Amino acid sequence: LSLVTLAVVVFAAGFWVRPLRYHQDYARLRMFFSGARSEFLAVKGIRMHYYVVGPVSGSPVVLIHGLGGRSEDWMQLTPYLAHAGYRVYLPDLPGYGRSEQPVNGSYSVSDQGDVVLAYMAALGLKQVDLGGWSMGGWIVQRIAAAHPERVRKLMLFDSAGLYAKPNWDTDLFTPRNARDVSELDALLMPHPPSVPPFVARDIVRYSNNRAWVIHRALSSMLTGREVTDQLLPQLKMPVLIVWGEVDRITPLALGKKMHALILQSQLDVIPGCGHLAPNQCTAQIGPEVVAFLRNQGKRPQDN
C-alpha cells in the first residue's frame, strides 16, 4: 500500500469506529479557522474549557450552551458577533464539552449559574451581554435576576426555565439505541436527516459515557424548584427572545409567555426552525442579534 492509500484506509476505519470524534474535531477546526482561541481556566476548583474570539477591545458577550451541549454549538452564530466587533466567550459548562465532570457536582441550574458568574469574575468581566440556549437560557435568566448589575443585555434562545412539564420523553436526551437517536433528532429539528447505523451506535456510546451528568441535571430541573416564572417580570435590562417556530422541546408557547412576562422584551420567531435554530437558522438570527446588541433591533412586539 502507498502512504496515501494507507492514510485513507486509516481515516476511513477511524471514521467508521468513532464518527463523533471526527465530527467534534471538524467543529474544533472550524472554531480555530474562525479565529477562536481554545483556553482552559480553573473555576471554583473545576477545570473549564472555553473559546474566546473577536477583538480584544470588543464589548464582551458570554454565550451558554444547553443540556448535553458544548461551546462549539455556537460556531454558526459566533462569527456574526466577532465580525461586528464583540469579544465573545463560549464556556463548556462543568460536565460538558471539554470541561471537567466533578463526580460530586449537582449540575443544577443554580449551581451552573454560580460557576458562570465565577467564570466571568475570573476573566475580569464585570458586565456582559449574556445569552443562553435551552438549559443555558434558564441559567442566564437566573443570573440576570440575581445579579442584574452583571448583565447589560440578555438573550434567550429557545429557552427553558418556565414551569412546564415536558410532553416528550426526557430519557431521549440519553439515547440508548438507534430508535432513540432518531426520535431525539425528530424532537430537535423539523426535518431530521437519516442517521447511518454506525453513527447512531457511536452516539449511543458517547451518550452512555455522559448520561449520569444529564440525568443529574434533569432530575434537578424537573423538581420545579428553580423555575423563573416569578423572576422574569423583575428583569429591567433589554431582553431578546429568539424562538424556532416549530420547536418541540420548548414550544413557542413558552417563548410567548416569556415575552408577556418581560415587558421590555423583543420576541423574534424564526419560521420553519426548531430547537436548534441558533445553529441551523443562523442566517436569520445572526443579524437580529447584532442589531439588538447595537440598539438597532425592532421595537418589542408580539410576533
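**Examining a nonpolar patch on the surface**
Argument step 1. Residues Leu29, Phe32 and Phe33 make up a contiguous nonpolar surface patch of roughly 380 Å² in combined accessible area.
Argument step 2. With respect to the element layout, Leu29 can be found in helix α2 (residues 19-33).
Argument step 3. When its relative accessible area of 47% is taken as the criterion, Leu29 is described as partly exposed.

**Concerning the packing of aromatic side chains**
Argument step 1. Across all of its chains, the model carries six aromatic pairs by this definition.
Argument step 2. Seen from their ring centres, Tyr50 and Tyr119 are 5.3 Å apart, and the 75° between their planes marks the pair as edge-to-face. With Tyr50 in strand β2 (residues 46-53) and Tyr119 in helix α4 (residues 109-122), this pair connects stretches of sequence that are 69 residues apart. An identical accessibility class is assigned to Tyr50 and Tyr119; each is buried.
Argument step 3. Aromatic pair Trp168 and Phe173: ring centres 5.5 Å apart, planes at 40°, arrangement tilted.
Argument step 4. We classify Trp168 as buried; its relative accessible area is 14%.
Argument step 5. Put simply, the rings of Trp74, Trp133 and Phe157 pair up and form one aromatic cluster.
Argument step 6. Between the NZ or CZ atom of Arg47 and the centre of the ring of Phe40, over which it lies, the distance is 3.8 Å.

**Brief notes about the packing of α4 against helix α5 (residues 135-146)**
Helix-helix packing is characterised by the crossing angle of the two axes and by the distance between the axes.
Argument step 1. Running from N to C, α4 and α5 point in directions that differ by 70°, and their axes come no closer than 9 Å. One finds that α4 runs roughly perpendicular with respect to α5. The crossing of α4 and α5 is right-handed. Here Val109, Ser110, Gln112, Gly113, Val116 and Leu117 of α4 come into contact with α5, specifically with Trp138, Ile139, Arg142 and Ile143.
Argument step 2. Looking at the contact of α4 with α5, its residues break down into six nonpolar, three polar and one charged.

**Considerations on the pattern of salt bridges**
Argument step 1. The full count for this structure, using the stated rule, is 10 salt bridges.
Argument step 2. Of the charged contacts in the structure, one is a salt bridge between Arg176 and Asp180, with a shortest N-O distance of 3.2 Å.
Argument step 3. With a shortest N-O distance of 2.6 Å, Asp202 and Arg205 are connected by a salt bridge. Taken together, the positions of Asp202 and Arg205, both in helix α7 (residues 197-221) and three residues apart, correspond to about one turn of that helix.
Argument step 4. A single salt-bridge network, built from bridges that share partners, covers Asp25, Arg28, Arg70, Glu72 and Arg98.

Conventions and cut-offs
- Residues numbered from 1 in each chain as written.
- Predicted model: local features only at pLDDT ≥ 70, side-chain atom pairs only at ≥ 80, totals over all residues.
- Heavy atoms only, no water.
- Patch = residues over 30% accessible without salt bridge, like charges linked within 9 Å, V, L, I, M, F, W, Y side chains within 5 Å.
- Areas by Shrake-Rupley, 256 points an atom, 1.4 Å probe, with all protein chains shown as cover.
- Salt bridge = Lys/Arg side-chain N within 4 Å of Asp/Glu carboxyl O.
- Helix = DSSP H or I, 4+ residues; strand = E, 2+ residues; numbered from the N terminus.
- Buried < 20%, exposed > 50% of the residue type's maximum accessible area, 1.4 Å probe, protein only.
- Phe/Tyr/Trp six-rings, centres within 6.5 Å; stacked < 30°, edge-to-face > 60°.
- Lys NZ or Arg CZ within 6 Å of the ring centre and 35° of its normal.
- Axes fitted to C-alpha atoms, helices over the stretch in contact; angles between N-to-C directions.
- Parallel < 35°, antiparallel > 145°, perpendicular 65-115°, else oblique.
- Left-handed = near helix turned anticlockwise from the far one by under 90°.
- Contact = heavy atoms within 4.5 Å.
- Nonpolar A, V, L, I, M, F, W, Y, C, P; charged D, E, K, R; others polar.

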